[in-house]
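Summary of the model geometry
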Amino acid sequence: STNRGIAPLKLGQFSQVVAPGTYNRPQNPRQDPQGWSGEQTLDIEAVHGMAPDAKIVYVGAPNNYRDLDAALNKVVDGHLADMVTNSYGFPGEGLPTGFIKPFNDILIQAAAEGIGVYFSSGDAADETGGDPANAAFATPDWPASSPWVTAVGGTSIGIDQSNNIALETGWESGTSSYCSTSTKACPTLGEWYPAPPGDFYYGSGGGTSRLFAQPDYQVGVVPASMSKANGSTPMRVVPDVSAIADPNTGFLIGQTQTFPDGSVKYSEYRLGGTSLASPIFAGLMANLQQHLGRTIGFANPLLYTATPSAFHDILHIDQAGVVRANFTKGIDAGPLGNGYSYVFRSFDFTTGLTIHTVPGYDDVTGLGTINGVNFFK
């Protein structure tokens, strides 16, 4: 926070809670809490970066299985917060009823108690992998598809030298590699392969639910072409809103880490995904709640009835992207690594996906991103 010009956390502003029934079994390969430390750091620093005076309660789980249900239940049962941001999800709705109904009941209770629950919409677009042959299986992620959460999709953003938005479009990335040597996988030296926009790599989750009917707040806003994508009955469409997400245009987080050479040091690195978008949006909603002087609770009815100028309508931008220089071995270019590799990540990839960034509401960015002071007005 100090490095980025943000007020550091004050005494009593941050607390951690362990939900009942949480077990620490470090030898269990299904439990790897340290493996999620980057996600945890991202959530806390993104919320604090947007809402530096907000109190933050961190409720963790030892794994990414059903213990997360217990963690959210702890928040709702004890009303530990007015807003909850969650950066996880299942890749689709094809889950046993026992996974979905109990968790959805927690979300309904949260709404009844005036707690707003925000979920990242996922990082695999419509879960088809950009393969047209998989279009029949396109699906949003769960729990983002619950009508009782605010699902937050993602955008790719460019900032100019005057700190203004130079471009913003839906986060759906294609990838191409620069051929520095001629190989079977990269046949032509000095060119990008496959040619940009390349192959689908990752992007903002979205699409039409097969489980939940269209909620009242989406009626008249979500086009029938999206709500009826799976049949004649209008269904819930994801996401509701969006925020910055593209890891290529991402967000610096700071973390003390142990490196392969045994050194322990603080460093800052770029991270993204809708795991970033959800806490960014939740932090901004905390600011709105302070501005209103009242609890917002479940936000979707408020968001869908807002004047259009409250949101920046995200549009498709063609033939744009960013070049990345990656450490080949992930850590550095020195003795532990093997130099650099170069990739081109195209913006708002469309080939083979069933979800697209279009004018008005869309199933990549929802209503759009917060349009500065207009949103708060």
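This text follows the structure it describes.
Residues numbered from 1 in each chain as written. Predicted model: local features only at pLDDT ≥ 70, side-chain atom pairs only at ≥ 80, totals over all residues. Heavy atoms only, no water.

Across its 19 residues, helix 5 (residues 274-292) extends 26 Å between first and last C-alpha, which sits within 8% of the 27 Å expected from 1.5 Å per residue. Burial analysis of helix 5 places 14 of its 19 residues in the buried class, the great majority of the element. Backbone geometry just after helix 5 places Gly-293 at a positive phi near 75°. (Helix = DSSP H or I, 4+ residues; strand = E, 2+ residues; numbered from the N terminus. Expected span 1.5 Å × (residues − 1). Buried < 20%, exposed > 50% of the residue type's maximum accessible area, 1.4 Å probe, protein only.)

The next subject is the nonpolar core. Counting 36 residues, the largest nonpolar core has Tyr-118, Phe-281, Met-285, Leu-303 and Phe-375 as its most contacted members. Among the elements of the structure, helix 1 (37-50), strand 12 (241-244), strand 13 (251-258), helix 5 and helix 6 (300-304) are those that each provide at least two residues to this core. The leading source of residues in this core is helix 5, at eight residues. In contact with Met-285, other than residues within four places in its own chain, are Met-83, Tyr-118, Ile-296, Ala-299, Leu-303 and Phe-375. One finds Ile-100, Ala-110, Ile-115 and Trp-142 within the second-largest nonpolar core, a separate group that totals 17 residues. (Core = buried A, V, L, I, M, F, W, Y, C linked by side-chain atoms within 4.5 Å. Contact = heavy atoms within 4.5 Å.)

Glancing now at the packing of aromatic side chains. Throughout the structure, instances matching the rule amount to 18 aromatic pairs. Centroid distance Tyr-201 to Tyr-202: 4.6 Å. Interplanar angle 70°. Geometry classified as edge-to-face. One aromatic cluster is present, formed by Tyr-88, Phe-103, Phe-119, Trp-142 and Phe-212 through successive ring pairs. The cationic tip of Lys-265 hangs over the ring face of Phe-259; the distance from NZ or CZ to the ring centre is 5.0 Å. (Phe/Tyr/Trp six-rings, centres within 6.5 Å; stacked < 30°, edge-to-face > 60°. Lys NZ or Arg CZ within 6 Å of the ring centre and 35° of its normal.)

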